[in-house]
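Letter by letter, the chains look like this.
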Amino acid sequence: HPGNFAFEIGNPDLPSEHGLGLDVSLRGRTTRLNGEITFFRNDIDDFIFRSPLTDEEVAAREDEFLERFGADEIDAEFPVIEHISADSVLQGIEAHADIDLAAGFAAEFSYDMVRGRLKASGEPLPRIPPFRVMGGLRYQRNAMQVGLNVTHAGTQDRVFGAEEPTEGYTLLKLYSSYSFQTGGATNTVTLRVDNATNELYYNHLNYLKSVLPEMGRNVKLVYSVGF
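We now turn to the structure provided with this report. Within every chain, residues take consecutive numbers counted from 1 along the sequence as written. Side-chain atom pairs in this predicted model are given and counted only at pLDDT of 80 or more, local residue features only at pLDDT of at least 70, and totals for whole chains, interfaces and linings cover all residues. The basis for every side-chain value is the complete set of non-hydrogen atoms in the structure, without hydrogens or water.

**Here we look at the packing of aromatic side chains**
Item 1. Pairing of aromatic rings covers Phe, Tyr and Trp, the last through its six-membered ring, and needs centres within 6.5 Å; plane angles under 30 degrees mean stacked, over 60 mean edge-to-face, and all others mean tilted. Within this structure, the stated rule accounts for seven aromatic pairs.
Item 2. Measuring from ring centre to ring centre gives 4.7 Å for F105 and Y139, while their planes differ by 45 degrees; the resulting arrangement is tilted. Taken as a pair, F105 in strand β5 (residues 105-118) and Y139 in strand β6 (residues 132-141) lie far apart in primary sequence, 34 residues in all. Helix numbering and strand numbering both begin at the N terminus, where a helix is a DSSP run of H or I of at least 4 residues and a strand a DSSP run of E of at least 2.

**A look at the environment of G216**
Item 1. By secondary structure assignment, the location of G216 is in the loop between β9 (185-194) and β10 (218-226).
Item 2. Look at G216 and you get partly exposed, because its relative accessible area is 23%.
Item 3. Taking C-alpha positions, G216 is 9.9 Å from L171, a pair spaced 45 residues apart along the chain.
Item 4. Sequence-distant contacts of G216, defined by excluding residues within four places in its chain, comprise D194, N195 and N198. Per-residue accessibility, obtained with a 1.4 Å probe over protein chains only, is compared with the maximum for each type, and a residue is labelled buried under 20%, exposed over 50%, and partly exposed between these values. Here, two residues are considered to be in contact whenever any of their heavy atoms come within 4.5 Å of each other.

**A short note on the nonpolar core**
Grouped burial of nonpolar side chains is what soluble globular proteins tend to show.
Item 1. Ranked by size, the top nonpolar core spans 10 residues in total: F40, I44, F47, F49, L90, V114, L118, L125, I128 and F160.
Item 2. Only β3 (33-52) and β5 provide two or more residues apiece to this core.
Item 3. Considering every element that reaches this core, the biggest residue donor is β3, with four residues.
Item 4. Each residue touching I44, except ones within four places of it in the same chain, is listed here: E17, H18, G19, A86, D87, S88 and L90. Among buried residues, those of type Ala, Val, Leu, Ile, Met, Phe, Trp, Tyr and Cys that are joined through side-chain atoms within 4.5 Å constitute a nonpolar core.

**What about the pattern of salt bridges?**
Item 1. By salt bridge we mean one thing: a side-chain nitrogen of Lys or Arg within 4 Å of a carboxyl oxygen of Asp or Glu. Enumeration according to the criterion identifies nine salt bridges in this entry.
Item 2. D43 is the salt-bridge partner of R41, the closest N and O atoms lying 3.8 Å from each other.
Item 3. One salt bridge in this structure joins E64 and R68, with 3.4 Å as the shortest N-O distance. Of this pair, E64 and R68 both sit in helix α2 (residues 62-69), separated by four residues, roughly a single helical turn.
Item 4. The class for E64 is partly exposed, based on a relative accessible area of 31%.
Item 5. Among the charged side chains, a network of salt bridges with common partners joins R61, E64, R68 and E82.

What follows is the structure, given as structure tokens:
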């Protein structure tokens, strides 16, 4: 699969997944604070996932792979990925709060975390995102709004097999918008600067993270109309 930089081994005999999920949420509201926190747990039988093989595992199964795929293909430089299934558990929390400060200022806070593991061994599942925490501050006066958000993602070193860990990062976003009415429509002009500090970072869920970092500093001017 050149698009994923991987030699992928499928399995047509994998069983269907069957899961049981539970979500519990708690919401609160005061004159200045709106908040919500959610706990979730998904118990999945025969959860299907991509399993990267180490060089040692590939060497140990060389005869099998050569018989199935031929010498020319298995000798490609792409890493070997096998699709397998196992009983697994994914659980975590999500939290968000909006705080009305004073004189047009407001703050927001978000946090999310998920853990995935194999039920039999407790080993981490692959491609599980790291925890993220976000804090933001905005000021609004009439139709004008300006603000900033800071997002921090932790290091993900709870990895499966030959999966590569990913370092944490911190991103800054700046934005400003102005809205006005014309003919019954709401017009909004937004200027946004994403990754304002031009942080070099990698997304743990990106199949190509080992060779492809995420976008650096970028500026967007957006005009939208709502009816």
